[in-house]
Amino acid sequence: MSTVPIPTTALTLDEINPASFDFWLRDDVEGALAKLRHERPVAWHQHPDSGKGFWSITRFDDVAAATRDWETFSSAYGIQAMTDPEDMQYMGAIRSMISTDPPKHTKLRGVVNRGFTPKMIARAEDAVRERARRIVDAIAPKGEAEFVTEVADALPVAIICDMMGVPEGDRAKLLDLTNRLLAGGDRDFGGTRDSLLQAAGELREYGLWLGKKRLEHPENDLTTTLVHAEVDGEAMPPEDLGPFFLLLIAAGNETTRTAISQGMWAFTQFPHEKRKWQADLEGLSASAVEEIIRWASPVMHMRRTVTRDTTFAGAQMQRNQKIAMWYISANRDEKYFPDPYRFDIARTPNEQGAFGTGGAHFCLGSHLARREVTAMFVELFRRLPDIEATAEPERLRSNFIRGIKRLPVAFRPA
Ligand code: HEM
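Our subject in this report is the structure included herewith. (Residues numbered from 1 in each chain as written. Predicted model: local features only at pLDDT ≥ 70, side-chain atom pairs only at ≥ 80, totals over all residues. Heavy atoms only, no water.)

It is worth spelling out the overall build of the chain at this point. When helices and strands are counted, the chain shows 16 helices and 14 strands. Overall, the C-alpha framework of the chain stretches about 60 × 55 × 35 Å when taken along its three principal axes. Evaluated residue by residue, the chain yields a buried proportion of 59% over its 414 residues. Considering only intrachain contacts with a sequence separation of at least 6, the fraction spanning at least 24 residues in the chain is 72%. Split by element, the accessible area of the chain, about 17,500 Å² in all, is 51% carbon and sulfur. Of note, the chain has its 52 positive side-chain charges centred 1 Å away from the centre of its 59 negative side-chain charges. (Helix = DSSP H or I, 4+ residues; strand = E, 2+ residues; numbered from the N terminus. Buried < 20%, exposed > 50% of the residue type's maximum accessible area, 1.4 Å probe, protein only. Contact = heavy atoms within 4.5 Å. Areas by Shrake-Rupley, 256 points an atom, 1.4 Å probe, with all protein chains shown as cover. Lys, Arg positive; Asp, Glu negative; His and termini not counted. Charge placed at Lys NZ, Arg CZ, Asp CG, Glu CD.)

Further remarks concern the packing of aromatic side chains. The description of two aromatic rings rests on the distance between their centres and on the angle between their planes. Following the criterion strictly, the structure yields 19 aromatic pairs and no others. Between the aromatic rings of Phe73 and Phe312, the centroid separation amounts to 5.0 Å while the plane-to-plane angle is 70°, which identifies the pairing as edge-to-face. Placement of the pair is Phe73 in strand β3 (residues 73–74) and Phe312 in strand β8 (residues 310–312), with a sequence separation of 239 residues. Neither residue differs from the other here; Phe73 and Phe312 are each classed as buried. With centroids separated by 6.4 Å and ring planes inclined at 65°, the aromatic side chains of Phe355 and Phe362 adopt a geometry described as edge-to-face. Looking at Phe355, the relative accessible area reads 11%, which means it is buried. (Phe/Tyr/Trp six-rings, centres within 6.5 Å; stacked < 30°, edge-to-face > 60°.)

This paragraph deals with the site of the ligand. For the ligand, the set of nearby residues contains 27 residues, the closest of which are His105, Arg109, Arg304, His361 and Cys363. One of the side-chain N or O atoms of Arg304 is found 3.0 Å from an oxygen atom in the ligand. A distance of 2.6 Å separates an oxygen atom of the ligand from a polar side-chain atom of His361. Put simply, the parts of the chain that give the shell around the ligand at least two residues each are α4 (104–113), α12 (238–269) and β7 (301–306). A total of six residues in the shell around the ligand trace back to one element, the largest contributor, which is α12. Partitioned by chemical class, the residues of the shell around the ligand number 17 nonpolar, eight polar and two charged. (Near = heavy atom within 4 Å. Polar contact = N/O pair within 3.5 Å; in protein donor to acceptor, adjacent residues only side chain to side chain. Nonpolar A, V, L, I, M, F, W, Y, C, P; charged D, E, K, R; others polar.)

Here we take up the nonpolar core. Of all hydrophobic cores here, the largest spans 110 residues; its most connected members are Phe116, Phe147, Trp277, Phe377 and Leu380. The dominant element in this core, judged by the number of residues it contributes, is α12, at 14 residues. Not counting chain neighbours up to four residues away, the residues in contact with Phe116 comprise Ile121, Ile160, Met163, Leu222, Leu248, Leu364, Gly365, His367 and Leu368. (Core = buried A, V, L, I, M, F, W, Y, C linked by side-chain atoms within 4.5 Å.)

Here the bond from Pro102 into Pro103 is cis, since omega is 5°, no more than 30 degrees from zero. Mapping Pro103 onto the fold places it in the loop between α3 (88–94) and α4. Going from Thr348 to Pro349, the amide bond is cis rather than trans, its omega being -5°. With respect to the element layout, Pro349 can be found in the loop between α15 (327–330) and α16 (366–383).

Further remarks concern the pattern of salt bridges. Pairing of side chains with opposite charge becomes possible as their charged atoms draw close. A complete count under the given rule lists 40 salt bridges for this structure. A salt bridge links Arg133 to Glu130, with the shortest nitrogen-to-oxygen separation between them at 3.0 Å. Taken together, the positions of Arg133 and Glu130, both in helix α6 (residues 125–139) and three residues apart, correspond to about one turn of that helix. Arg133 sits in the partly exposed class, given a relative accessible area of 35%. Salt-bridge contacts for Glu290 lead to Arg370; the nearest nitrogen and oxygen are separated by 2.9 Å. Of this pair, Glu290 sits in helix α14 (residues 281–296) while Arg370 sits in helix α16; the two residues are 80 residues apart in sequence, bridging distant segments of the chain. The exposure class of Glu290 is buried, given its relative accessible area of 14%. One network of salt bridges, with partners in common, ties together Glu130, Arg133, Asp137, Glu379 and Arg383. (Salt bridge = Lys/Arg side-chain N within 4 Å of Asp/Glu carboxyl O.)

Attention shifts here to the sheet that holds strand β14 (residues 408–410). The strand order β4-β14-β11 describes an open sheet built from three strands, whose pairing is antiparallel. Only two strands of the sheet have a single neighbouring strand rather than two, namely β4 (144–146) and β11 (388–389). With two bridges connecting them, β11 and β14 associate as antiparallel partners. In the sheet register, Ala389 faces β14, and the bridge partner there is Val409. (Pairing = 2+ DSSP bridges.)

The geometry of α14 relative to α16 is characterised by a closest axis approach of 10 Å and an angle of 125° between their N-to-C directions. Taken as axis vectors, α14 and α16 run oblique relative to one another. Relative to α16, the crossing made by α14 is right-handed. Residues Leu281, Glu282, Ser285, Val289, Glu290, Ile292 and Ile293 of α14 form the contact with α16, whose own contacting residues are Arg370, Val373, Thr374, Phe377, Val378, Phe381 and Arg382. When grouped by side-chain class, the residues that make up the contact of α14 with α16 number eight nonpolar, two polar and four charged. (Axes fitted to C-alpha atoms, helices over the stretch in contact; angles between N-to-C directions. Parallel < 35°, antiparallel > 145°, perpendicular 65-115°, else oblique. Left-handed = near helix turned anticlockwise from the far one by under 90°.)

All right, on to the state of the cysteines then. Tallying each qualifying case throughout the model produces zero disulfides. Between Cys161, a cysteine without a disulfide, and Cys363, which holds the nearest cysteine sulfur, the sulfur-to-sulfur distance is 17 Å. (Disulfide = S-S within 2.5 Å.)

With that settled, the discussion passes to helix α13 (residues 271–279). Listing the buried residues of α13 in full gives Glu273, Lys274 and Trp277. Projection of α13 onto a plane perpendicular to its axis shows the buried side chains occupying an angular sector of 105°, all on one side. Exposed residues on α13 whose side chains face more than 90 degrees from its buried face are Arg275 and Ala279. Each element contacted by the buried residues of α13 is listed here: α12, α14 and α16. (Arc of directions from axis to C-beta.)

Below you can see the structure in the form of structure tokens.
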């Protein structure tokens, strides 16, 4: 099989700017990232509006090295390239476990770790499959569907809300709030700093309201675990509880549904890979799901802040500068992924970095996400084997989440 050529771009190095929301709507994004990786793997970029700058790193080795060195590259001052440590309103709104460093991070993560171990997630297997089955039941007779809202959105929100104990009637509202929280610059979901802050506030308030209920009437859910947890011998204060809830709901939602939507689009573009998986659904599911997640790279970057002057990958970095680690590029790094632009559901090995590249903040929900993606595609491909997109995806205008807003699909009704 011949190698898929590395994509190209007409942009010059200086014209490539991943800070711009519109950059991510271009068709040559992969080419531009490849150019950065090959010719300027550590680059200084500036936000087109604020003019504020940050480092971009695009090679897998550099992303992995930065992720693992939390003492030099801190999470405590914001996790997106565009947020500034001095924007206290913003920082206060979203600050959660993901925006802390050890030792505080270790303690907070200890509170929820047990709920996400492979053993615990294996127990949720039946619930995940049952949800996936109901989602397919709902669309199967119709012959067509809007894949994002009717399929990809539906599973992750149901599962994380089950785990957190969110009543069914409130879930649509929470999904809408996480859409607004992670809208980037997309006006369909607000897409402004104010709408983001408002969504963050409402999610935190909701978490506090549910937490209060669980303090009075404990249930077997993660919200009950959070409100009864002790950190350093004290109950978790509201300023930690609200953001913790926000983090789990948002992280459990927006990422996995993006993997499912991007996966559907990939199988439409590469139908032979769909047929390959359908011929051995159980046998190939582990490698197929890893490849879907590498291909999708739903969280395009995470950001850290430099804590001391340092030389990193040949660049002189100064204290307080921001550094964006572009997983979406690291996941195409030829050094680790031979023929990286081939969507290959049997790819082995596939140590993809979409959940992070090691270190303290490695995705808490990776086992859960894998199970959800597996369950959704296995159910879809068993019952609607000819399902495919009928138009190009409508992409989210964001430099953080590689979201798809709309993706129409058609299939023979079942
Ligand atoms: C395909 C789906 C997913 C992807 C691609 C993804 C990706 C990521 C990434 C890149 C990070 C940050 C890693 C770092 O900074 O080093 C992260 C952290 C996190 N993820 Fe996920 N995630 C996914 C699904 C989930 C799910 C289903 C949950 C469930 C709640 C979840 C919960 C979290 C949490 C809580 C953190 C913060 C961990 C910490 O700060 O210690 N994620 N995820």
